[in-house]
Amino acid sequence: MNKKIYAHLSLLGAACAWGLMSPIGKIAMEDAISGLSMAYFRMLGGAVCFWLASFLAPREKVSAHDLKLLFFASLLGIVCNQGCFTFGISLTSPINAPIVATTAPIITMIVAAIYLKEPITGKKFTGVVLGSIGALTLILSSSVANSAKEGNIWGDLLCLVSQFCFCLYLILFKEVIARYNIFTLMKWMFTYAAIVFLPFALSDINSIPFAEVEPKIWLSVAYVVFGGTFVAYILMMIGQKALRPTVVSMYNYMQPIAGTAVSIALGMATFGVMKGIAVVLVFVGVYFVTQSKSREQVLAEKAEEKK
């Protein structure tokens, strides 16, 4: 199979896995499993999966300096990102969470402009405005909802914060991420995250009546840990190695599509006019951002004009 086609299929699989995580995780968190407990199970399960997988991957020695960097990377990329997102899912609609996740390319563009001095072109500016209006429309429509199926403003905001933290992680720790393979990175980051997050989730975990939890709940937890975390991260890295970042970010579109389809099919959420408008605005906004020129392209065009 062509390498690029394989990369596209991998990204499609990762996006669908993350999109399905919202409604499936919601099933578990409507019963005995709290949002904090689910977030911790995801971190601990991810650590176990990646450590086991690392024994089959090429061995890499991580320097003491990089181990420190990976600790702080785990705070942003896993503890804050996954903690806020998983807890946010427990509060909001399983449709809202993946829709908010599509704002990640917009947030990345803003942070990159500040930190990496990426140019803000007309397309980027238009995308930011449209995407921001879409996200605000979604959040504000949740604040006046009359049903739990319509979402919750605090849950939506937590999901938005999780995206911001992940974007910071990608930009601030870009160099250390590039130095190691996915298994080396993730085994250390998930281990750090499981240790740091334990005090926040311990009380909730202790209150779980394990013997009374139905098998379908544990199956939902297993999917979040294995499918929505372990498998999804591997697929994402396969795509990132072969395709440009702008192409990779386009696959965020599949998250709300997958999450919405399953949520409506299971009767877990509704999809009204306001959410439809929000989806369109976010999609159009992200499209403009991902189609805009990078810093390298702008510099190359200027150099060509001087010739």
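Small disclaimer: the values here were computed from a predicted structure and weren't measured.

Engineer: Just give me the short version of the packing of helix 1 (residues 3-29) against helix 10 (residues 215-242), but keep the residues and values in it.
Structural biologist: The interhelical angle for the contact between helix 1 and helix 10, taken along N-to-C directions, is 155°, at an axis separation of 8 Å. What the angle tells us is that helix 1 and helix 10 run roughly antiparallel. Crossing handedness for the pair helix 1 and helix 10: left-handed.

Engineer: Tell me what's going on with the pattern of salt bridges, and back it up with residues and numbers.
Structural biologist: By the definition in use, this model includes one salt bridge. Linking arginine 179 and aspartate 66 is a salt bridge whose minimum nitrogen-to-oxygen distance equals 2.8 Å. In this pair, arginine 179 sits in helix 8 (residues 174-179) while aspartate 66 sits in helix 3 (residues 64-91), placing the two residues 113 residues apart along the sequence.

Engineer: How would you explain the side chain of serine 162 if you had to name every residue and give the values?
Structural biologist: Note that serine 162 resides in helix 7 (residues 153-172). Judged by relative accessible area, which is 0%, serine 162 ranks as buried. Once residues within four sequence positions are removed from consideration, serine 162 is found in contact with Cys80, Asn81, Cys84 and Phe85.

Engineer: Please provide a residue-by-residue account of the packing of aromatic side chains, values included.
Structural biologist: Given two aromatic rings, one states the distance between the centres and the angle between the planes to describe the pair. What the rule picks out here adds up to 13 aromatic pairs. Centre to centre, the rings of phenylalanine 41 and tryptophan 218 are 6.3 Å apart; their planes meet at 55°, and the pair counts as tilted. Remark: tryptophan 218 occurs in helix 10 and phenylalanine 41 occurs in helix 2 (residues 35-54); sequence separation between them is 177 residues. You can call phenylalanine 41 buried: its relative accessible area is 15%. An angle of 70° between the planes, with centres 5.3 Å apart, marks the rings of tryptophan 51 and tryptophan 188 as edge-to-face. Placement of the pair is tryptophan 51 in helix 2 and tryptophan 188 in helix 9 (residues 182-206), with a sequence separation of 137 residues. Relative accessible area serves as the criterion here: at 28%, tryptophan 51 is assigned to the partly exposed category. Taking the relative accessible area as the measure of exposure, tryptophan 188 reaches 23% and is therefore partly exposed. Of the aromatic side chains, those joined through ring pairs into one cluster are Phe50, Phe183, Phe190, Phe226, Phe230 and Tyr233.

Engineer: Describe the side chain of asparagine 81, and please don't skip the residues or the numbers.
Structural biologist: Mapping asparagine 81 onto the fold places it in helix 3. Here asparagine 81 falls in the buried class, since its relative accessible area comes to 10%. Here serine 162 takes part through its backbone oxygen, which lies 2.9 Å from a polar atom of the side chain of asparagine 81. Look past the residues within four positions of asparagine 81 in its chain and what remains in contact with it is Leu76, Ser162, Gln163, Cys165, Phe166 and Tyr233.

Conventions adopted
Position numbers for residues start from 1 in each chain and track the written sequence from start to end. Under the rules for a predicted model, residues below a pLDDT of 70 receive no local features and side-chain atom pairs below 80 are neither given nor counted, while totals for whole chains, interfaces and linings still include all residues. Working from all heavy atoms in the structure, the side-chain values ignore hydrogens and water. As a rule, the C-alpha atoms of each element are fitted with a line to give its axis, helices using only the stretch in contact, and angles between N-to-C directions run from 0 to 180 degrees. The way it works is that DSSP assigns letters per residue, a run of H or I at least four long becomes a helix, a run of E at least two long becomes a strand, and they are numbered from the N terminus. Roughly parallel means an angle under 35 degrees; roughly antiparallel, over 145; roughly perpendicular, 65 to 115; everything else is oblique. A clockwise turn of the near helix away from the far one marks a right-handed crossing, whereas an anticlockwise turn of less than a right angle marks a left-handed crossing. Each reported salt bridge corresponds to a side-chain nitrogen of Lys or Arg within 4 Å of a carboxyl oxygen of Asp or Glu. Think of it in three bands: with a 1.4 Å probe and only protein chains considered, a residue is buried below 20% of the maximum accessible area for its type, exposed above 50%, and partly exposed in between. In what follows, residue pairs with any heavy atoms lying within 4.5 Å of each other are defined as contacts. For Phe, Tyr and Trp, rings pair up if their centres lie within 6.5 Å, where Trp contributes its six-membered ring, and each pair is then called stacked (planes under 30 degrees apart), edge-to-face (over 60) or tilted (otherwise). As used in this structure description, the phrase polar contact means that two N or O atoms lie within 3.5 Å; if the pair is within protein, one of them must be able to donate a hydrogen and the other to accept it, and residues adjacent in sequence are counted only when both atoms belong to side chains.

No statement about biological role is implied by the geometric values presented.
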